[in-house]
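Breakdown of the fold
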Amino acid sequence: MNYPTHEKINIDKLLPLIDKLQGEPVDLSNRSSRGEKSIQYNLFNYIENFKEAINLVVDNLSKNKKYKLLSAWTVIGEEDSYHLVHKHNGYKNHIATVLYLKVPKKRFHKSGDFYYFFKDEDGNIKKETISPEVGSLIVMPINTYHGAYPQGEGIRQTLNLDFEVIDFHA
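This write-up is about the structure you can find in this document. This one's a predicted model, so the numbers in the text were calculated from it and none came from an experiment.

Side note on the overall build of the protein
- In terms of helices and strands, the protein carries two helices and twelve strands.
- Overall, the protein shows an N-to-C arrangement of helices and strands of β-α-β-β-β-α-β-β-β-β-β-β-β-β.
- When the backbone C-alpha atoms are referred to their principal axes, the protein occupies close to 45 × 45 × 30 Å.
- Going through the 170 residues of the protein one by one, you find that 45% of them count as buried.
- Counting only contacts in the protein whose residues sit at least 6 apart along the sequence, the fraction spanning at least 24 positions is 81%.
- With the model as given, the accessible surface of the protein reaches about 9,700 Å², and the carbon-plus-sulfur share is 49%.
- On the protein, the mean spot of the 22 positive side-chain charges and the mean spot of the 22 negative ones are 2 Å from each other.

And the structure:
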């Protein structure tokens, strides 16, 4: 996979779980999450509480692979929250996923949009944006630089899962 993929999936079954996705609060001083009203929770030690969400994401990944969960967290942001450009730590066979659980109102063009960088076939660095909706699932190589523009009024919440991709023969 060279570029992020983006598809909209049905998260209706997850809606009752969304407000319960709280684990250990994370110190944001060395994270990409920014904004006075932004909070991040590490969920990895609480995976039993949201296995249905993990399975929903995995069900939308390639069927001829196995996936080992490496990290899990949720980010909740309110007006003016954003994400600095960053990438996740990992190896070539790792992927990062972002599932949008709540999406705020747009304040201006691109407000709250997800953006990422990639090299085109000529080696030039390009930037693309995705306007997420509730249920947007973005899957990308772990080393993809990405972020989010400052958001408008309302809540933006994402479920973020990083996986090791393991080849197997069916």
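A short note on the sheet that holds strand 3 (residues 33-34)
- Across the sheet, which stays open at both edges, the five strands sit in the order 3-6-11-8-9 with antiparallel pairing between neighbours. At either end of the open sheet lies a strand with only one pairing partner, and these are strand 3 and strand 9 (125-130).
- Here strand 8 (residues 114-119) runs beside strand 11 (residues 146-148); their pairing, made up of three bridges, is antiparallel. By the bridge assignment, Tyr116 is partnered in strand 11 with His146.

Examining the packing of aromatic side chains
- Enumeration over the complete set of coordinates arrives at five aromatic pairs.
- Seen in terms of ring centroids, Phe114 and Tyr116 are 6.3 Å apart; in terms of plane orientation they differ by 40 degrees. Their pairing is tilted. No difference in accessibility class separates Phe114 from Tyr116, as the two residues are buried.
- On the basis of an interplanar angle of 85 degrees and a centroid distance of 6.0 Å, the ring pair of Tyr115 and Phe117 is categorised as edge-to-face.
- On the basis of relative accessible area, Tyr115 is assigned to the buried category, the value being 11%.
- Taken together, the ring pairs in this structure connect Phe114, Tyr116 and Phe118 into an aromatic cluster.
- Looking at Lys127, its charged tip hangs above the ring of Tyr115, at a distance of 5.8 Å from the centre.

Digging into the sheet that holds strand 2 (residues 24-25)
- Taken together, the seven strands give an open sheet; going across it, the order is 1-10-7-12-5-4-2, and neighbouring strands pair in antiparallel fashion. Since the sheet does not close on itself, it has two edges, and those belong to strand 1 (5-8) and strand 2, each with one partner.
- As judged from the twelve bridges shared by strand 5 (residues 65-77) and strand 12 (residues 156-167), these two strands associate in the antiparallel manner. Across the sheet, Gly77 pairs through a bridge with Arg156, a residue of strand 12.
- Most of the contacts of helix 2 (residues 51-59) go to strand 12, to which it runs at about 60 degrees, and overall it touches strand 5, strand 7 (94-102), strand 10 (136-141) and strand 12.

How each quantity is defined
Residues numbered from 1 in each chain as written. Predicted model: local features only at pLDDT ≥ 70, side-chain atom pairs only at ≥ 80, totals over all residues. Heavy atoms only, no water. Helix = DSSP H or I, 4+ residues; strand = E, 2+ residues; numbered from the N terminus. Buried < 20%, exposed > 50% of the residue type's maximum accessible area, 1.4 Å probe, protein only. Contact = heavy atoms within 4.5 Å. Areas by Shrake-Rupley, 256 points an atom, 1.4 Å probe, with all protein chains shown as cover. Lys, Arg positive; Asp, Glu negative; His and termini not counted. Charge placed at Lys NZ, Arg CZ, Asp CG, Glu CD. Pairing = 2+ DSSP bridges. Phe/Tyr/Trp six-rings, centres within 6.5 Å; stacked < 30°, edge-to-face > 60°. Lys NZ or Arg CZ within 6 Å of the ring centre and 35° of its normal. Axes fitted to C-alpha atoms, helices over the stretch in contact; angles between N-to-C directions.

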